[in-house]
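# Close look at the chain arrangement
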Amino acid sequence: MTIKSCFHCGDNCLGSSIEFQNKAFCCNGCKTVFEIFSENDLNCYYDFQSTPGAIPNDIKGKYDYLDDNLIKEKFLEFKDDQLEVVTFYIPHIHCTSCIWVLEHLHKLNPEILSSQVNFGKKTVRLSYKSERLSLKELVILLNSIGYEPYISLDDLRKGQHQIDRKLLFKLGVAGFAFGNVMFLSFPEYFEVNEFWLEKYKPFFRWLMFFFSVPVVFYAAQDYFKSAINGLRARFMNIDVPIALGILVLFLRSTVDIAFDLGSGFFDSLTGLVFFLLIGKFFQQKTYAFLSFERDYKSYFPIAVTRIQTDGQEIPIQISDIKKGDRLLIRNQELIPVDSILIRGNANIDYSFVTGESAEIKKSSGDMLYAGGKQTSSAIQIEAVKTVNQSYLTQLWSNEIFNKNKEDRFATITNRISKHFTLAVLLIAVVSTAFWLIYDPSKALNVFTAVLIIACPCAIALSAPFTFGHLLRIFGRLKFFLKNTSSIEQMASINTIVFDKTGTMTSNTQNEATYEGETLNTSERQLLKTSLRGSNHPLSRTLYDLLEDNDIISLDHYEEFVGQGIAAAHDSNYMKIGSARFVKGQNVQETLKTDVHISSNDHYKGKFTFYNKYRKGLSRLFNQLKGTYDLVILTGDNDGERENLRKLLPSKTKILFNQKPQDKLDYIKFHQSEGAKVLMVGDGLNDAGALAQSDVGIAISENINVFSPACDGILDAKNFNQLYRYLKASKSAIKIIKWSFVLSLLYNLIGLYFAVSGKLEPVIAAILMPLSSISIVFFTTVATNILGNKLKKESP
């Protein structure tokens with residue numbers, strides 16, 4: 001009997017093998033993995049020649065220390081009885097195929113719930129069921145498919161990863177080889193006729209060959225890997241022509257010395273790789289120096305309420321939280337830091353962290369993790385760490401909450417890069433064919449120079465660097481955006497929808513009068529405590545206006561979005577909200593902004609509010625008119641219609657009595673008619689509309705509510721600067737277009753000299769990274785000029 005080998009893992013198929021696509025598999029697992037990757041044309045997985053889930057002999061026992069709970073907890077970002085979250089730094093992430101594999105780990109092991117790759121940082125964030133999969137087994141799985149995590153407790157404590165030094169090693173090898181090959185090539189350059197040099201010429205040439213071997217197969221291996229993986233994934237990346245040029249130079253030079261046709265081009269080959277690696281090294285240094293991610297997170301405009309030792313409640317920025325601070329977390333507020341629950345009933349929704357929207361009940365003394373959201377009445381917590389804002393923003397950018405909004409400009413960039421590479425290959429072939437006919441001695445140089453000089457990297461860098469710097473500048477101006485694509489979307493907006501209460505009106509300057517029966521002491525306590533747990537703008541305003549009362553622990557608390565609050569303590573039950581919610585279904589609303597109250601189903605009275613509109617509101621709308629269609633959607637009645645008409649341009653559309661679903665439907669309808677909609681509202685009541693809009697911006701005013709639905713958070717003090725931010729986003733598009741023009745000119749000039757045979761491959765290798773650096777320099781300077789202009793115009 002013939003024993004077949006498994007196509008996937010290589011093991012013998014003892015017993016009956018499973019046949020699929022004329023291949024033998026030892027088990028359904030191997031067959032399934034083959035199906036997963038073959039269906040997606042991702043064959044680079046097999047380059048690693050290992051079995052997922054199996055423990056290779058060389059790593060047995062290597063990660064046993066991860067079974068130690070004390071060590072394990074240093075790596076975990078989140079942990080409960082069933083689920084754990086961890087982020088690993090993986091140096092081997094280098095192409096789109098790598099991203100695909102790592103973001104589909106759940107197909108290799110169903111206990112992995114989600115995996116998200118940050119390509120720029122070379123990290124992957126994993127959520128997994130800890131009951132059935134341990135951290136050690138997860139690391140072994142990653143190792144088995146060729147993506148070994150870099151694990152260092154020292155770097156973990158410092159909060160940074162060690163720099164991958166392989167590039168420096170490769171640069172050293174290429175530099176050493178280039179210097180020696182140049183030295184050995186001098187007699188060839190000057191045609192020195194000396195007895196000993198002529199006698200040992202073959203030896204010197206083969207010595208140059210051996211110096212070139214590690215350059216091609218070690219120093220330049222990343223170019224070959226990237227090119228092969230790109231082709232296997234059916235994507236023509238820029239490394240394809242570079243790898244082809246290196247390979248052609250090496251093979252042609254080897255043939256020359258093997259058949260004594262000449263000295264070859266080993267000097268050009270080693271110099272080419274050396275200068276390519278120098279370019280890559282300086283690009284990395286440039287990107288690190290210009291990185292916006294270190295700066296913009298410190299301007300995250302989110303506040304939290306700190307409880308002082310004397311019981312006073314004051315709002316502070318989350319960046320000011322210190323270990324040991326006592327914090328008040330209201331309904332729908334985010335827990336900004338790992339903490340201990342001190343007081344209250346906690347129902348924590350960790351979907352922000354894990355993607356699983358199950359609420360977890362916590363008791364006093366339990367650990368609460370940053371990123372959880374309280375979904376019941378107010379609680380008190382004590383911070384056990386300082387705030388890691390980059391962790392919070394990472395949660396906000398989690399793929400789980402992405403709204404599949406089309407990233408049009410990035411798509412154009414990728415399309416240009418792809419067709420650019422095909423065009424370069426065509427030009428290289430045609431120009432080489434021409435020189436083979438007219439001057440064969442120049443053909444190889446022309447072919448290689450064309451492949452190296454033409455580079456779409458500058459095109460690919462324009463958008464991320466321009467948007468990245470503008471993102472940082474916006475952050476300094478207290479306008480925080482989720483990601484760079486939000487800026488691009490802002491540039492295409494033609495309709496702006498505003499909420500009124502808490503967006504156009506200030507939560508800190510409103511006045512209110514009470515009309516109705518006098519509340520007794522227990523009712524005042526219940527009212528004050530109920531309002532304390534809510535983040536609705538009117539609730540916050542009324543809470544601040546009411547006199548101080550003892551805070552009590554609620555037996556029941558429930559908030560109905562867009563309607564009101566229901567709360568209970570002992571035998572008292574209170575409803576607070578709209579007339580329809582408090583009194584019943586068929587109630588005629590008045591033409592004022594009111595908050596109604598009932599106690600034990602007995603109507604008590606109402607608070608009537610007198611709105612204070614934000615400073616600069618009228619000027620902002622006058623700036624926006626003409627360029628944008630302006631709409632106001634508010635849940636209030638039309639008692640403010642006349643005041644708004646006096647403040648706003650005549651063509652502003654105003655719709656009253658709009659429920660959250662009405663706002664969402666309005667935006668969806670106008671999007672179907674071709675409108676690009678920007679929604680400006682609060683992060684709680686307008687979550688649906690913010691999610692539906694092309695760009696959703698939540699106004700922040702001493703609150704700790706920001707929804708994953710929104711794309712941006714704007715500090716309320718800078719609300720009147722919205723027009724300038726929109727204008728700046730359009731200027732960013734212009735900068736990108738100009739950088740495209742500069743990149744095109746560079747490539748046309750470079751291709752002219754390369755095709756005409758006037759450009760050596762080594763010189764092309766020097767010029768190629770310079771083009772990328774020059775584009776980065778241009779976009780940085782232009783964006784900084786734009787940023788300085790914004791700062792001068794800001795109050």
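We now turn to the structure provided with this report. What you are looking at is a predicted structure, and each value in this text was computed from that prediction instead of being measured.

### Thoughts on the sheet that holds strand β4 (residues 83-89)
- In space, the four strands of this open sheet follow the order β3-β4-β6-β5, with antiparallel pairing throughout. This sheet does not close on itself; its edge strands, each paired only once, are β3 (76-79) and β5 (112-118). For this sheet, the mean inter-axis angle between neighbouring strands, taken without regard to orientation, is 10 degrees.
- Direction of pairing for β5 relative to strand β6 (residues 123-129): antiparallel, over a ladder of six bridges. Paired with I112 across the strands is Y128, a residue of β6.
- Contacts from helix α4 (residues 135-144) reach β4, β5 and β6, with the element oriented near 40 degrees to β4.

### Some words on the packing of aromatic side chains
- Under the counting rule described, the total for this entry stands at 18 aromatic pairs.
- On the numbers, 6.1 Å between centres and 75 degrees between planes, the contact of F209 with F266 is edge-to-face. You can see F209 sitting in helix α8 (residues 201-219) and its partner F266 sitting in helix α11 (residues 266-290), a full 57 residues away along the chain.
- For F209, a relative accessible area of 13% puts it in the buried group.
- Aromatic side chains F479 and Y725 sit 4.8 Å apart centroid to centroid with 20 degrees between the ring planes, which places their arrangement in the stacked category. Of this pair, F479 sits in strand β16 (residues 479-481) while Y725 sits in helix α26 (residues 722-755); the two residues are 246 residues apart in sequence, bridging distant segments of the chain. Neither F479 nor Y725 differs from the other in exposure class; each is buried.

### A closer look at the pattern of salt bridges
- This model, assessed by the stated rule, comprises twelve salt bridges.
- In this structure, K136 engages D67 in a salt bridge whose closest nitrogen and oxygen atoms are separated by 3.7 Å. Linking K136 in helix α4 with D67 in the loop between α1 (28-39) and α2 (69-75), this pair joins segments that are 69 residues apart in sequence.
- As a salt-bridge pair, E111 and R132 come within 3.9 Å of each other at their nearest N and O atoms. Of this pair, E111 sits in the loop between α3 (96-102) and β5 while R132 is found in the loop between β6 and α4, placing the two residues 21 residues apart along the sequence.
- On the basis of relative accessibility, which here comes to 63%, the residue R132 falls in the exposed class.
- Through salt bridges with shared partners, a single ionic network connects E517, E523 and K604.

### A short note on the side chain of K663
- Along the chain, K663 falls in helix α24 (residues 660-672).
- At 3.0 Å, the side chain of K663 and the side chain of D499 are in polar contact.

### Examining the environment of V755
- Looking at the element boundaries, V755 is found in helix α26.
- By relative accessible area, which is 30% here, V755 ends up partly exposed.
- With residues near it in sequence (within four places) discarded, V755 still touches I427, S431, W435, V446 and V450.

### Digging into the pairing of strand β11 (residues 346-349)
- Neither face of β11 is open: one carries A346 and I348, the other N347 and D349, and all of them are buried.
- In this structure, β11 lies alongside strand β12 (residues 359-362), joined through four bridges in antiparallel fashion. Looking at the pairing, A346 lines up with K362 of β12.

### Notes on the sheet that holds strand β21 (residues 572-577)
- Overall, antiparallel pairing links the six strands, which are arranged β18-β23-β22-β21-β20-β19 in an open sheet. On the outer flanks of this sheet lie β18 (511-516) and β19 (556-560), each paired with one strand and no other. In this sheet, neighbouring strand axes are inclined to one another by 15 degrees on average, regardless of whether the strands run parallel or antiparallel.
- Note that β21 and strand β22 (residues 593-599) share four bridges and pair antiparallel. From the neighbouring strand, M574 faces β22, where its bridge partner is S599.
- Contacting β19, β20 (564-569), β21, β22 and β23 (602-610), helix α19 (residues 521-532) crosses the sheet at an angle of about 50 degrees to β21.
- Sitting on the sheet, helix α20 (residues 537-545) is in contact with β18, β20, β22 and β23, with an inclination near 95 degrees to β23.

### Observations regarding a positive patch on the surface
- Among the surface-exposed residues, K727, K734, K737 and K789 lie close enough to one another that they form a single positively charged patch.
- Top contributing element to the positive patch by residue count: α26, with three residues.
- Within the fold, K737 resides in helix α26.

### Section: the packing of α19 against α20
- Viewed as axis vectors pointing N to C, α19 and α20 meet at an angle of 135 degrees, and their least axial separation amounts to 9 Å. Taken together, the axes of α19 and α20 lie oblique to each other. Helix-helix and strand crossings are classified by hand; for α19 and α20 the assignment is left-handed. Together, K528, L531 and R532 of α19 and S539, L542 and Y543 of α20 make up the contact between the two elements.
- Residues of the contact of α19 with α20, tallied by class, amount to three nonpolar, one polar and two charged.

### Side note on the nonpolar core
- Membership of the largest hydrophobic core comes to 50 residues, with the highest contact counts inside it found for Y223, I246, F266, L269, V273, L277 and V450.
- Of all the elements in the fold, those that place two or more residues in this core are α6 (166-190), α8, α9 (221-232), α10 (239-258), α11, α15 (408-438), α16 (440-453) and α26.
- What V450 contacts, discounting residues up to four positions off in sequence, is V424, I427, A428, S431, L751, A754 and V755.
- Counting 48 residues, the second-largest nonpolar core is a separate cluster that includes I473, F479, Y628 and V695.

### Focus on the pairing of β3
- By the bridge criterion, three bridges tie β3 to β4 in an arrangement that is antiparallel. Across the sheet, L76 pairs through a bridge with V86, a residue of β4.
- Counted along the chain from β3 to the antiparallel partner β4, the turn is three residues long.

### Here's the deal with a nonpolar patch on the surface
- There is a patch of nonpolar side chains on the surface, built from W738, V741, L742, L745, I749, Y752 and F753 and spanning about 720 Å² of accessible area.
- The residue L745 is located in helix α26 in this model.

Conventions we followed
Residues numbered from 1 in each chain as written. Predicted model: local features only at pLDDT ≥ 70, side-chain atom pairs only at ≥ 80, totals over all residues. Heavy atoms only, no water. Pairing = 2+ DSSP bridges. Helix = DSSP H or I, 4+ residues; strand = E, 2+ residues; numbered from the N terminus. Axes fitted to C-alpha atoms, helices over the stretch in contact; angles between N-to-C directions. Contact = heavy atoms within 4.5 Å. Phe/Tyr/Trp six-rings, centres within 6.5 Å; stacked < 30°, edge-to-face > 60°. Buried < 20%, exposed > 50% of the residue type's maximum accessible area, 1.4 Å probe, protein only. Salt bridge = Lys/Arg side-chain N within 4 Å of Asp/Glu carboxyl O. Polar contact = N/O pair within 3.5 Å; in protein donor to acceptor, adjacent residues only side chain to side chain. Patch = residues over 30% accessible without salt bridge, like charges linked within 9 Å, V, L, I, M, F, W, Y side chains within 5 Å. Areas by Shrake-Rupley, 256 points an atom, 1.4 Å probe, with all protein chains shown as cover. Lys, Arg positive; Asp, Glu negative; His and termini not counted. Charge placed at Lys NZ, Arg CZ, Asp CG, Glu CD. Parallel < 35°, antiparallel > 145°, perpendicular 65-115°, else oblique. Left-handed = near helix turned anticlockwise from the far one by under 90°. Nonpolar A, V, L, I, M, F, W, Y, C, P; charged D, E, K, R; others polar. Core = buried A, V, L, I, M, F, W, Y, C linked by side-chain atoms within 4.5 Å.

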